[in-house]
Each structure stands twice: as C-alpha cells, then as structure tokens.
Amino acid sequence: QVQLVESGGGLAQAGGSLRLSCAAAFENMFSINFMAWYRQVPGKQREVVAGITSDGTTTYVDSVKGRFTISTDSAENTVNLQMKSLKPEDTAVYYCYARAVRDKRYEFQFWGQGTQVTVSS
C-alpha cells in the first residue's frame, strides 16, 4: 500500500501564500510514477491542480499557472505545492494523489485525506 499524509493548508488572505506538503510512505514493491494535487469545492467535481511525473515533468491547470509550483523531494518521498498570489477561488479541499505501479505492471491510485485551504478576500 501507499499512504499519503498531507500537511499545510489553512487560512490565507487574497494575495498571500501557502504551502502544502504530502509525505508518501510505501512498500518497496510499489514504484510511484506520478503525483499530483487535486482540489474540490462542494457541489463540483474534483479537479487536478498540478501534477509531476517521476522524471520531473510538471503540468498545471490554467487557473494556477504562474502562481502555483509543484515539486518533489525524492529523498523524503514528498510532493509539495507552493501556492502564491492566492485568490478566493482557490478555496477548496486539496487532495494529494499518487499513481503507483506494483510488480512493474499493476497500476494503483492512492489519495490523501484532504486538507482545507481557505482564501479570504
């Protein structure tokens, strides 16, 4: 199994910054090839905010480009999301996501428990 534990988040004012971190703990049989941050507001579908592959390729949803940065720390098995110039519309529950392969062929998806980000105007 892969366990994802998120930290960070909380309350920020518009224009401010927050940093989310997600620590992954997993058995040696798993190899994580992709990690991402999703977010969800009540009544809406969960959307991907940013993703990063094992080779460091990053992707962002248009609404956060230039403001959010996703990064990984392979030594600590963490994925971070640095959020700057926050807007009230960034308010959501943010979820860490990992895609892992076992035995080099079975693919699994894992989710963190979610962390609330609230941006006040």
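If you're wondering where the values come from, they're calculated on a predicted model, not measured in any experiment. (Residues numbered from 1 in each chain as written. Predicted model: local features only at pLDDT ≥ 70, side-chain atom pairs only at ≥ 80, totals over all residues. Heavy atoms only, no water.)

How would you explain the pattern of salt bridges if you had to name every residue and give the values?
If you walk through the whole model with that rule in mind, you get 6 salt bridges. Arg-99 is paired through a salt bridge with Glu-107; the nearest N and O atoms lie 3.8 Å apart. Look at Arg-99 and you get partly exposed, because its relative accessible area is 25%. Here Arg-102 and Asp-103 are joined by a salt bridge, their closest N and O atoms 3.3 Å apart. Assessed through its relative accessible area of 26%, Arg-102 is described here as partly exposed. Asp-103 sits in the partly exposed class, given a relative accessible area of 47%. Salt bridges here are not isolated pairs; linked through shared partners, they connect Arg-39, Glu-47, Arg-67 and Asp-90. (Salt bridge = Lys/Arg side-chain N within 4 Å of Asp/Glu carboxyl O. Buried < 20%, exposed > 50% of the residue type's maximum accessible area, 1.4 Å probe, protein only.)

Describe in detail the pairing of strand β9 (residues 92–102), supporting the description with residues and values.
With respect to burial, β9 is a largely interior element, 8 of its 11 residues being buried. Relative to β9, strand β4 (residues 30–40) runs antiparallel, the two being bridged by 10 bridges. Bridge pairing links Ala-36 to Tyr-97 in β9. Pairing of β9 with strand β11 (residues 115–120), which is carried by 3 bridges, proceeds in the antiparallel orientation. Across the sheet, residue Ala-92 finds its bridge partner in β11, namely Val-117. Sheet analysis places β9 next to strand β10 (residues 106–111), joined by 6 bridges and oriented antiparallel. Paired with Arg-99 across the strands is Gln-109, a residue of β10. (Helix = DSSP H or I, 4+ residues; strand = E, 2+ residues; numbered from the N terminus. Pairing = 2+ DSSP bridges.)

Any chance you could break down the sheet that holds strand β7 (residues 68–73) for me, citing the residues and the numbers?
Sheet architecture is open: 4 strands sit in the order β1-β3-β8-β7, paired in antiparallel fashion. The open sheet terminates on both sides in strands that have one partner only, identified here as β1 (2–8) and β7. Each strand axis lies, on average, 15° off the axis of its neighbour in the sheet, ignoring direction. Across 6 bridges, β7 lies against strand β8 (residues 78–83) in antiparallel orientation. (Axes fitted to C-alpha atoms, helices over the stretch in contact; angles between N-to-C directions.)

Which residues make up the state of the cysteines, and what values do they have?
Applying the stated rule across the entire model yields 1 disulfide. Each sulfur of the disulfide joining Cys-22 and Cys-96 lies 2.1 Å from the other. Around the S-S axis, the bridge from Cys-22 to Cys-96 shows a dihedral of about -85° and counts as left-handed. Here Cys-96 lies in strand β9 and Cys-22 lies in strand β3 (residues 18–26), a separation of 74 residues in the sequence. Residue class for Cys-22 comes out buried when judged on its relative accessible area of 0%. Cys-96 sits in the buried class, given a relative accessible area of 0%. (Disulfide = S-S within 2.5 Å.)

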